[in-house]
Amino acid sequence: MSASRVERGIGLLLSLIQYVTASGSVTVQEAAAHFGVPEQRIREAVERVFMSGVPDGAGDFIRFDIDFDAFEQHDVISVTMRPAFEDETVRLSAREASALIAGLTLVADYTGADPGRVAALREKLRRAASQGAETVAVDGLAVPRTAQIVRDAIRQRQVLAIDYRKPGDGSQRRRVAPVRLELKEGQVYVEGADLDRQGMRTYRLDRIEAIEPTDEAWPEALPQRERTVAGTAQVVATRAAAAMLSDYATSDPVSVDGERVRLDIEVWSEASVLRAVASCGGDAVIVAPASLRRAMHRFAVEALRTAEADAAQSPQG
Amino acid sequence: MTRIEAEERQFSLLLALVDTSTGFTKHELFERVAGYQGQPVGDALERMFERDKDALREHGIVIDVVQPPGDDSNHEARYRVLDGILGDPAELQFDAEERDLLDLALRVWHEGGLTEEAQRAALKLRADPEFRGGLPLERTPGRMTDHAPADVAAPATASILQARQRPRESAFQALKRAADRGREVVFDYLKPGERTPRARTVQPWATVLFRGRWMLVGHDLGAEDTRTFLMQRIVSPVRDRAPKRPFEVPADAAAAALAKLEEIWAGAAVGVHVVPGSDADIRLRHRRDTTEEDGVLVVHHADRHLIADELAGFGSDVSVAWPEEQRALVRQRLERIRDAHADDDAAGEQAEGSAA
């Protein structure tokens, strides 16, 4: 599958007919910019539409028509005759409407839009869809106060002071110019420029202990995004565990014994990698480097020791 | 056969079907549609017609077949566009605030399972000259391109939140296509907590995103019941096949599955001790619905094996206070991790661990 399939199908032809009609007359350049496709693709689509028509029953067609001179000589598209799609159009498919409604559900609360308006829009989308089961459902995101502060800071270009804790590290105060919130696997991340470290950084929202806007000036230029990677680790994992680690993978998984695969993952911080691998519940094993492998072993031994000590104390035992 | 010809032919087929209220027989279509005209009637033409119907379906244009009563032959069946596929263009026009929200809603799928639908929807919405939002049509899903933080003058709402929900792309697409066509799917599934994948045959109904995880909801033919599958744990390619009998997707399948998951989440909890101020402490407190009772964090979840994986990931920052079963699940995981990482030169640590 690829995005190019979307613009290659008849979808562009259908949309273009409505668009040109609504606009009265447009240049090929304007249409290409509007749809985000190359100008040649628009010309092809125009030619295709205007070679087509509705069968008249006698083996011939009543065809679409445009001002052909304007098209050929000035690259201007203007419709003069539409034998079909005059007052109707192809509605959203159930899947398309589902994607819109689900996307809206996920982000509505982050926009600060009036909930009533959002609900009305959702209904409008349902009405604009051809019948069919709603095939996608999503749970709305809780929007903590922290996210609201970040959202407002992005809009108002305010620098934030954030108390942030990295795994295996104490809490640190950072001055951050936030540029976007990122939603990934159910977690919300803040992306922004760390003004003390002069680099773009990503922060997990749920690791932020405290947050407040400051009066500090917004930086004139934001630093380039870079990621310091200490090295890579080789991991052997079940296919499901490999999928969980795929965000960090630097190589495609290679099958080792039918059920398990080998892959390389980035070591951006030892503590984070140990956590990610441990979250696979034993379905992922660090093969190399040996030091990281030993650290993983130690991680499990220590966790088991803590669990035992806790169980010994606990009356419910 | 070039794609240009196919596109033209499909458009021509659509125009013919849109223009008729009573429908055309296949024979009539073969005579009238540019691209079918003049082709010898036979298997090749039949296959072309089937492919074109599938292509139109990708755009949400479902072709309905009306069989005259008492006639089982294919000859008199009439083809037409299913009712409700076409509507008033005004239905797809939105005011400025709505357009902003839609732009944002579409960009959520910037990367991940619904990218193609979002692009198709954006294409339809752009029939309105005022609508400029949504995803670029020529983006390949999974590739980040619009990273330009340096020129954020006054970010539109759309650039504030970006979603990267990444299911296993190939399985997701295969499941959706099969669902659209009313076909059954067969795949190997590694159930949470199990070691070996098992083949499942499922009538696919809907996809659900719950707490950041994509799931397939459907009727499991082996279990003879509704089941929910984590997409991440579908470990084989998804194959599809014609069902023995056509199946109906319940209209509320997606919403019902989501409600069921919420119910499970509300009812399932683990009590944990956390090291104060640790990563586990901060993250579990921020987790949805977490409460604190007598120094124990009460953490909700939708599956005991998945929460056991997550808790194992926190290592010694966390220990399970109750229930005993959950404690055992986490312990088993840590023991497997320990044993899988035990080497000869780590023997000292191992002895130390078992002595503790």
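It should be noted that the structure appears before, not after, this text.
Along each chain, numbering runs from 1 in the same order as the chain's sequence is written. Lettering for chains starts from A, numbering for ligands starts from 1, and both go in the order in which the items are written. Totals for whole chains, interfaces and linings use all residues, but because this is a predicted model, local features are given only for residues with pLDDT of at least 70 and pairs of side-chain atoms are given and counted only at 80 or more. Water and hydrogen atoms play no part in the side-chain values, which are based on all heavy atoms of the structure.

(A) Highlighting the nonpolar core. Judged by nonpolar contacts, the single largest core of 83 residues is most densely connected at Leu92 and Leu125 of chain A together with Trp109 and Phe187 of chain B. Segments assigned H or I by DSSP are reported as helices when at least four residues long, segments assigned E as strands when at least two residues long, and all are numbered from the N terminus. The element best represented in this core is helix H6 (residues 94–111) of chain A, accounting for 10 residues. Any two residues having at least one pair of non-hydrogen atoms within 4.5 Å are treated as being in contact. Those residues in contact with Phe187 of chain B that lie beyond four places of it in its chain are Leu175, Arg198, Ala199, Arg200, Val202, Leu216, Phe229, Ile234, Ser236, Pro237, Val238 and Arg239 of chain B. If you look at the next biggest cluster of nonpolar residues, it comprises 49 residues, including Phe71 and Phe85 of chain A together with Phe11 and Leu15 of chain B. Joining through side-chain atoms within 4.5 Å is the link that ties buried Ala, Val, Leu, Ile, Met, Phe, Trp, Tyr and Cys residues into a set, and such a set is a nonpolar core. With a 1.4 Å probe rolled over the protein chains alone, any residue whose accessible area is under 20% of its type maximum counts as buried; one over 50% counts as exposed, and the rest are partly exposed.

(B) How the structure looks around the packing of aromatic side chains. For Phe, Tyr and Trp, rings pair up if their centres lie within 6.5 Å, where Trp contributes its six-membered ring, and each pair is then called stacked (planes under 30 degrees apart), edge-to-face (over 60) or tilted (otherwise). Tallied over the full model, the rule gives 15 aromatic pairs over all chains. Relative to Phe11 of chain B, the ring of Phe64 of chain A lies with its centre 6.2 Å away and its plane at 25 degrees, an arrangement referred to as stacked. Placement of Phe64 of chain A in the loop between strand S3 (61–63) and strand S4 (65–66) and of Phe11 of chain B in helix H1 (residues 3–19) is noted, with the two residues assigned to different chains. The class for Phe64 of chain A is buried, based on a relative accessible area of 2%. Centre to centre, the rings of Phe187 of chain B and Tyr189 of chain B are 6.4 Å apart; their planes meet at 75 degrees, and the pair counts as edge-to-face. The residue whose ring lies beneath Lys176 of chain B is Phe172 of chain B, and the NZ or CZ to ring-centre distance is 4.6 Å. For a Lys NZ or an Arg CZ to count as sitting over a ring, it must be within 6 Å of the ring centre and within 35 degrees of the ring normal. Above the plane of the ring of Trp265 of chain B lies Arg211 of chain B, whose end atom (NZ or CZ) is 4.3 Å from the centre.

(C) Looking closely at the interface of chain A and chain B. Taken together, the contact between chain A and chain B spans 139 residues of the former and 148 residues of the latter. The salt bridge definition used is simple: a Lys or Arg side-chain nitrogen within 4 Å of an Asp or Glu carboxyl oxygen. Where chain A packs against chain B, one counts 18 salt bridges. Among the salt bridges present, the one from Arg41 of chain A reaches Glu7 of chain B, with a minimum N-O distance of 2.9 Å. Each polar contact in these results corresponds to two N or O atoms within 3.5 Å; when the atoms are within protein, one needs to be able to donate a hydrogen and the other to accept it, and residues that are neighboring in sequence are counted only if both atoms are side-chain atoms. At the surface where chain A touches chain B, the tally comes to 38 residue pairs in polar contact (both at pLDDT 80 or more). The biggest single contributor to the side of chain A that touches chain B is helix H11 (residues 290–313) of chain A, with 17 residues. Under this grouping Gly is polar, as are all residues other than the nonpolar Ala, Val, Leu, Ile, Met, Phe, Trp, Tyr, Cys and Pro and the charged Asp, Glu, Lys and Arg. Its residues placed into classes, the side of chain A that touches chain B shows 66 nonpolar, 31 polar and 42 charged.

(D) Main features of a negative patch on the surface. Patch membership requires over 30% relative accessible area and the absence of a salt bridge. Like charges are linked within 9 Å, and nonpolar side chains (Val, Leu, Ile, Met, Phe, Trp, Tyr) within 5 Å. Here the open area of atoms and residues is found with the Shrake-Rupley method and a 1.4 Å probe, where only the protein chains shown may cover a residue. His is not counted, nor are the chain ends, whereas Lys and Arg count as positive and Asp and Glu as negative. We put the charge of a Lys on NZ, of an Arg on CZ, of an Asp on CG and of a Glu on CD. On the surface, Glu47, Asp65, Asp67, Asp69 and Glu72 of chain A cluster together to form a negatively charged patch. One can find Asp67 of chain A in the loop between S4 and helix H5 (68–74).

(E) Looking closely at the packing of helix H2 (residues 11–23) of chain A against helix H4 (residues 39–49) of chain A. Residue and element names in this part refer to chain A. Their axes nearest at 10 Å, the elements H2 and H4 cross at an angle of 80 degrees. As the angle between them shows, H2 and H4 are arranged roughly perpendicular. Facing H2, whose interface residues are Leu12, Leu13, Leu16 and Ile17, H4 presents Arg41, Ile42, Ala45, Val46, Arg48 and Val49. Split by residue class, the contact of H2 with H4 holds eight nonpolar, no polar and two charged. Only the stretch in contact is used when a helix axis is fitted, and all axes are lines through C-alpha atoms; the angle between N-to-C directions ranges over 0 to 180 degrees. When describing relative orientation, an angle under 35 degrees is termed roughly parallel and one over 145 degrees roughly antiparallel, while 65 to 115 degrees is termed roughly perpendicular and anything else oblique.

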